[in-house]
Amino acid sequence: MDYYGSQINNLIAQLGSLPGIGQKSAQRLAFHIINMPQEKVEQLAASLTDARQHVRYCRDCGTLTDQELCPICADMKRDHHTIMVVETSRDLAAYERTGRYEGVYHVLQGVINPQLGIGPADIRLKELMHRLQGDVDEVIIATGSSLEGETTAMYISKLVKPTGIKVTRIASGVPVGGDLEYIDEVTLLRALDGRVEL
Ligand code: ZN
């Protein structure tokens, strides 16, 4: 039944199509937005379209950024010979929050997941292999401990090993199936310090 009229229903439907936003949250957000000052709503709308227009993937590591190179890849003080492979930009952010990792990253933007039809060619592995032709001492595989994360880690180690570059895997201790994003910094550092050579 149409309680609200099509404009509000459309807004609720748009918000409800976002990940993690259920019908109730969508309604709450919609009513919140309708009650916001016009100017604030315009700022919100503009930041959505600006972000979509200008945000792109870093040329080297593939994280989301608005420059050709992200601030980490552009930072010459970082150790560019150590590359940590993570699933998403959110995982990169989790490691950055620890403030202790000095190398650079490679963001796969996904994991191998046969059930969802995501194969090795669908994540940024080709780009990783390309980077390894440069001067790299160590590849730290920091994909999650889900089945897909482990499968991806195995796949990467098989790809990298023949190059002779050292390949390590962050220590388990990261909860099984846990998203790196939600794991506290102490646990992340322990996983990084306790990494083992594959
Ligand atoms: Zn980068």
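Every chain is numbered independently, its residues counted from 1 as its sequence is written. For a predicted model such as this one, the threshold for reporting local features is a pLDDT of at least 70, and the threshold for listing and counting side-chain atom pairs is 80 or more; totals across whole chains, interfaces and linings nevertheless cover every residue. The basis for the side-chain values is all heavy atoms of the structure; hydrogens and waters are excluded.

A. Quick peek at the nonpolar core. Put simply, a nonpolar core is a bunch of buried Ala, Val, Leu, Ile, Met, Phe, Trp, Tyr and Cys residues held in one set by side-chain atoms that sit within 4.5 Å of each other. Burial classes follow relative accessibility: with a 1.4 Å probe on protein chains only, a residue under 20% of its type's maximum area counts as buried, one over 50% as exposed, and anything between as partly exposed. Judged by nonpolar contacts, the single largest core of 36 residues is most densely connected at Met84, Val86, Tyr95, Tyr105, Leu132, Val139 and Ile156. Elements supplying a minimum of two residues to this core: helix 4 (71-74), strand 3 (79-86), helix 5 (89-98), strand 4 (103-107), helix 6 (125-131), strand 5 (138-141), helix 7 (147-160) and helix 8 (185-193). The leading source of residues in this core is strand 3, at four residues. Pairs of residues are marked as contacts when any of their non-hydrogen atoms sit within 4.5 Å. In this view, Met84 contacts Tyr95, Tyr101, Val104, Tyr105, His106, Ile140, Ala142 and Leu192; residues no more than four positions away in its chain are not counted. Formed by five residues, the second largest nonpolar core is a distinct cluster that contains Ile12, Leu15, Ala30 and Ile33. The helix and strand labels rest on DSSP assignments: H or I over at least four residues marks a helix, E over at least two residues marks a strand, and numbering proceeds from the N terminus.

B. Focus on the side chain of Ser89. Mapped onto the secondary structure, Ser89 falls in helix 5. The residues contacting Ser89, other than those within four sequence positions of it, are Thr63, Leu64, Val107 and Gln109.

C. Layout of the coordination of the zinc ion. Only nitrogen, oxygen and sulfur atoms within 2.8 Å of the metal, or 3.2 Å for Na, K and Ca, are treated as donors, and water is left out, so sites may look incomplete. Protein-derived ligands of the zinc ion are Cys58 (SG), Cys61 (SG), Cys70 (SG) and Cys73 (SG), with the metal-ligand distances lying across 2.3 Å. The geometry test gives tetrahedral to four donors whose angles all lie between 85 and 135 degrees, gives square planar to four donors and octahedral to six donors whose opposite members are over 155 degrees apart with all other angles between 65 and 115, and gives irregular to the rest. Because the angles between the four donor atoms bound to the zinc ion fall within 106 to 116 degrees, the donor set is best described as tetrahedral. Every donor residue of the zinc ion comes from the same chain, spaced as C-x2-C-x8-C-x2-C.

D. Local environment of the domain arrangement of the chain. Each domain span listed reflects an automatic or database assignment of domains. Segmentation of the chain into domains returns domain 1 (6-54) and domain 2 (64-197). A straight line from the C-alpha centre of domain 1 to that of domain 2 covers 33 Å.

E. Expanded view of helix 7. In this analysis, the expected span of each helix is defined as 1.5 Å times one less than the number of residues it contains. Taking 1.5 Å per residue, 14 residues should reach 20 Å; helix 7 reaches 20 Å between its end C-alpha atoms and fits that length. The complete set of buried residues in helix 7 reads Gly149, Thr152, Ala153, Ile156, Ser157 and Val160. Axial view of helix 7: buried residues confined to an arc of 135 degrees, hence all on one face. Exposed positions of helix 7 whose direction lies more than 90 degrees from the buried face are Leu147, Met154 and Lys158. Those residues of helix 7 that are buried lie in contact with strand 3, helix 6, strand 5 and strand 6 (166-169). In this description, the arc belongs to the directions extending from the helix axis to the C-beta atoms.

F. Quick peek at the sheet that holds strand 4. On the basis of which strands lie adjacent, the open sheet formed by five strands has the order 4-3-5-6-7 and mixed pairing. With partners counted over all chains shown, the strands left at the sheet margins are strand 4 and strand 7 (196-197), one partner each. Pairing geometry for strand 3 and strand 4, over five bridges, is parallel. The residue of strand 4 that forms the bridge with Met84 is Tyr105. Its contacts with the sheet put helix 5 on strand 3 and strand 4, and the angle it makes with strand 4 is roughly 160 degrees. What counts as an axis is a line fitted to C-alpha atoms, over the stretch in contact for a helix, and the angles between N-to-C directions run from 0 to 180 degrees. Sheet strands touched by helix 7: strand 3, strand 5 and strand 6. Its angle to strand 6, the strand with the most contacts, is close to 170 degrees. Strand pairing follows a simple DSSP-based rule, namely that at least 2 bridges must link the two strands.

G. Representation of the environment of Thr168. Within the secondary structure, Thr168 sits in strand 6. Judged by its relative accessible area of 2%, Thr168 is buried. When the C-alpha positions of Thr168 and Ala26 are compared, they lie 43 Å apart, and in sequence the two are 142 residues distant. Excluding residues that lie within four positions of it along the chain, Thr168 makes contacts with Glu138, Val139, Ile140, Ile141, Arg195, Val196, Glu197 and Leu198.

H. Inspection of the pairing of strand 3 at higher detail. Remark: the strand 3/helix 5/strand 4 crossover connection has right-handed handedness. One ladder, built from four bridges, connects strand 3 with strand 5; its direction is parallel. Across the sheet, residue Ile83 finds its bridge partner in strand 5, namely Val139. Note on handedness: a crossover is taken as right-handed if, strands pointing away from the viewer, the path from the first strand over the helix to the second is clockwise.

I. Representation of helix 2 (residues 23-34). For helix 2, which comprises 12 residues, the first-to-last C-alpha distance of 16 Å matches the rise-based estimate of 16 Å (1.5 Å per residue) to within 8%. Residues Ala26, Ala30 and Ile33 constitute the buried set of helix 2. Across the axial projection of helix 2, the buried residues extend over an arc of 65 degrees, all falling on one side. The exposed set on the far side of helix 2, more than 90 degrees from its buried face, consists of Lys24, Arg28 and His32.

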